[in-house]
Amino acid sequence: MVRTAELREVDSEPNSFVTRSFNLDSAIGLGKVVIRMNPVPSCETVGMFDLCAPARVLTLGDWFVVQLPNLLWFSAVLVLVVAGIFVPFPTRAVETERAPVPKVRS
Amino acid sequence: MSVPPGAAAGPGNPAALPPELRGTWDERAREWILRTWPPSQVLPAAEPVYVKSWLYAFGVATLASLVILVVSGIVLAVFGPEWWLHGKVGGWFGALHYWAVQLFFLFMFAHFIAVFLMGAFRGRRVTWMLGVLSFICAAVTGLTGFAALQNFEGQWVTTQAKDAINSTGVGGLLNLLDTGRILTLHVVVLPALVLIVVALHVLWVRKHGIAPPYDANPEHFAPEEGPT
Amino acid sequence: MSWTQDEALARRKWRGPLERYDLIREGLIALVVVGALLVALTTLFGSPKLEAVSFKVWSSSAPKDFATTALSELLGTSETATYGPPYNAGSGQLQSLGPVSFQALGGIPLPVNASRELVLEPLAAFAPFDAELRRALDVWRGASPAQQADWGTAAQKAALEIDGQTVVLRGGDAGPIPSLLSAMLTAAQSGALDGQLIDAAGRAYAMNHTKSLLFLEDGGYLASIAKRYSLQGNRWGVMNEIGSWPGQPWLWFYTVFYQIPPWSKVGTDIIVIATVIPIFLVLTFLPFIPGLRDLPRLLGVYRRIWRPYYRQYVLPPKAKS
């Protein structure tokens, strides 16, 4: 864990915001980044995995910016649709015919 | 209406009622409801053979997400803001509510694309419009949910979104900074609206049945209906 | 087939072959599967929790920003004080679409007097404790508007520094303003500005945080946190969430217009809203719009979707005699 020097705290309340430095090792192994933050509220979560680290961002041109989690979300939609089109649906054994319509092929 | 043959006149057998008891609004409503939504069509035992694709599952997946969304919302509402803001269990239910929103819109988008690719709005225009309306209502409900969060995100989202709302002139009506109003909107009014619109959407799906394929075999259909 | 023919066929009741289908079972299976997925996602990743910013936190972490904002509220130069409808009669944030301003048409249903309600009245609540504050308030209230304006100009030109809990304005005579600002800073840092003092002074219950949130947003601290967590609007912030959680990606059709020219050059919300509403109307009435409603047929994906049905039940055109 790499630590950088901490700024003097303005308010010595135990739960106040402190300057933090931490080792940013994102879940998809993008490398280690050390950043020093100004006093900001700390992010917490009840989940097992802490996703508080800033998201990786994709930029195309000068205006298209998308965060990785949102990109994953859109990809999930596309994957669902493509899978829905191509993944075969289990066929039932029994098909009834209300009207006597001949099958073209069985 | 199925009435046993030879049944005596009574409220259950309107055809045998004297004229002055016929034609009530109740009777007309009942007949319209039963004609539009015959029970065998609302809860059918079978579906046409073309309903054989995983694409058809996205609608019910959206509904399932909505159910969990509402149930988790009720739990949060029972225990109140302090619980979801400061407790571990409350925080878990808050996170469940958040992920349910994510999956709800995710499946809804997939459902929308699937319905569009199948041209399922043929002969089902009201169903389509109700679907779009439910998306809009749900998006507004989500926005008020942020405001009700009562943490930094609530502060940020409301102070930013207020400019857009104010620009339309309805800032006094939808004041995102008024936490009390937004909370009651999010917990009571908007979910009721969403549920009503979604229920109508589902009823309309059952009313018309699942849209058939393009160029389906004409022999598979009943003759053209005359003007109703 | 044409749209009319397609629609006519789709309206007819199905009398063809059926297969066993159980809606209730399908619904329950979906509930279990989606439920399991949700429990897994929740337990694994949770959701972000970022504590709300109070005046105490703001003034302790960024006292200069707080004092500068308090000064702008007192002088009526803050974004809130000059906002316009629905808070007051200014025009700082007034948006219009050509000659029409819907914002102005909405009137002023949420009146906020920044100088009085955000600074002077809260300070008056502390005056009984502090003789110097009492004196400063009396001097300010007793001065003419011209005198207040002179002090205000001097205060804005001066260099604002923080010395402990005192606000120092170096250069020029700003009258009682430094004392007023120091009192605001002290009150904020002690936590006394939080609670209902600003939103509903003297009332028992209040759940309307309009005034305190407006005050908070006038500062730069809230925005600095948002920037830290990539939530700002000019970088698709509406769609984003803190950290690596998904945000509101379904709002992409709305936020995209803040990013692309020429909308990004105009920069107003109303122009984006005015663009999105017709798009949504087109989407809503799509089944009525020729061309658009024929897209599914033109795209032809349906042939792959219903291939099992076509193979079994529909004669290929060549085979017809």
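Calculation notes
- The numbers attached to residues start from 1 for each chain and follow its sequence in the written order.
- The lettering of chains begins at A and the numbering of ligands begins at 1, in the order of writing.
- The model is predicted, so local features are restricted to residues of pLDDT at least 70 and side-chain atom pairs to those at 80 or more, both for listing and for counting; the totals for chains, interfaces and linings are taken over all residues.
- The basis for every side-chain value is the complete set of non-hydrogen atoms in the structure, without hydrogens or water.
- Note: domain ranges come from an automatic or database domain assignment.
- Throughout, a contact is declared for two residues whenever any of their heavy atoms are within 4.5 Å.
- For any pair of parts, buried area is found by adding up, for both, the accessible area (1.4 Å probe) each one loses once the two are put together.
- We count a salt bridge whenever a side-chain nitrogen from Lys or Arg sits within 4 Å of a carboxyl oxygen from Asp or Glu.
- Under the rule applied, a polar contact is a pair of N or O atoms within 3.5 Å (in protein, one hydrogen donor and one hydrogen acceptor; residues adjacent in sequence only if both atoms are side-chain atoms).
- Three classes are used, and their members are as follows: Ala, Val, Leu, Ile, Met, Phe, Trp, Tyr, Cys and Pro are nonpolar, Asp, Glu, Lys and Arg are charged, and the others, Gly among them, are polar.
- Here, the term disulfide refers to a pair of cysteine sulfur atoms separated by no more than 2.5 Å.
- Each residue's exposure class comes from its accessible area (1.4 Å probe, protein chains only) as a fraction of the maximum for that residue type: buried when under 20%, exposed when over 50%, partly exposed otherwise.
- Every helix listed is a DSSP run of H or I at least four residues long, and every strand listed is a run of E at least two residues long, numbered separately from the N terminus.
- Centres within 6.5 Å are what make two rings of Phe, Tyr or Trp a pair, Trp counting through its six-membered ring; a difference in plane orientation under 30 degrees is then read as stacked, over 60 as edge-to-face, and the rest as tilted.
- Each ring is checked for a lysine NZ or an arginine CZ that lies within 6 Å of its centre and within 35 degrees of its normal; such an atom marks a charge sitting over the ring.

### A look at the domain arrangement of chain C
Residues and elements named next belong to chain C.
So, step 1. When its domains are assigned, chain C resolves into domain 1 (55–224), domain 2 (227–283) and domain 3 (290–321).
So, step 2. Between the C-alpha centres of domain 1 and domain 2 the distance comes to 30 Å.
So, step 3. Opposite the six residues of domain 1 that make contact, domain 2 presents eight residues.
So, step 4. Of the roughly 520 Å² buried between domain 1 and domain 2, counting both surfaces, carbon and sulfur atoms make up 58%.
So, step 5. Scanning the region where domain 1 abuts domain 2 turns up zero salt bridges.
So, step 6. For the interface between domain 1 and domain 2, the tally reads five residue pairs in polar contact (both at pLDDT 80 or more).
So, step 7. In the side of domain 1 that touches domain 2, the residues fall into three nonpolar, three polar and no charged.

### Regarding the state of the cysteines
Residues and elements named next belong to chain A.
So, step 1. Inspection of every chain in the model, using the stated rule, returns one disulfide over all chains.
So, step 2. The disulfide that involves C43 links it to C52, with 1.9 Å between the sulfurs. Looking down the S-S bond of the C43 and C52 bridge, the torsion is -70°, so its handedness is left-handed.
So, step 3. Overall, C43 belongs to the buried group, its relative accessible area being 10%.

### Some points on the domain arrangement of chain B
Residues and elements named next belong to chain B.
So, step 1. Split by domain assignment, chain B resolves into domain 1 (53–118) and domain 2 (125–210).
So, step 2. With 17 residues of domain 1 in contact, the opposing surface of domain 2 contributes 17 residues.
So, step 3. Buried area between domain 1 and domain 2, both sides added, is near 1,100 Å², and the carbon and sulfur share of it is 85%.
So, step 4. Joining domain 1 to domain 2, the criterion identifies zero salt bridges.
So, step 5. At the boundary of domain 1 and domain 2, one finds one residue pair in polar contact (both at pLDDT 80 or more).
So, step 6. Residue assignment for the side of domain 1 that touches domain 2 shows that the elements contributing at least two residues are α3 (57–79), α4 (81–86) and α5 (88–117).
So, step 7. Ranked by the residues each element gives to the side of domain 1 that touches domain 2, the list is headed by α5, at nine residues.

### Quick look at the packing of aromatic side chains
So, step 1. For the structure on display, the rule yields 43 aromatic pairs over all chains.
So, step 2. A centroid spacing of 5.5 Å and a plane angle of 75° characterise the contact between W37 of chain B and W204 of chain B, whose relative ring orientation is edge-to-face. One end of the pair, W37 of chain B, is in the loop between α1 (25–36) and α2 (39–42); the other, W204 of chain B, is in helix α8 (residues 179–208), and 167 residues separate them in sequence. Residue W37 of chain B shares its accessibility class with W204 of chain B, and that shared class is buried.
So, step 3. Three or more aromatic residues joined by ring pairs form one cluster here, namely W73 and F74 of chain A, F104, F105, F109 and F135 of chain B together with W250, F253 and F280 of chain C.
So, step 4. Stacked on the ring of Y229 of chain C, the Lys or Arg R228 of chain C has its end atom at 4.7 Å from the ring centre.

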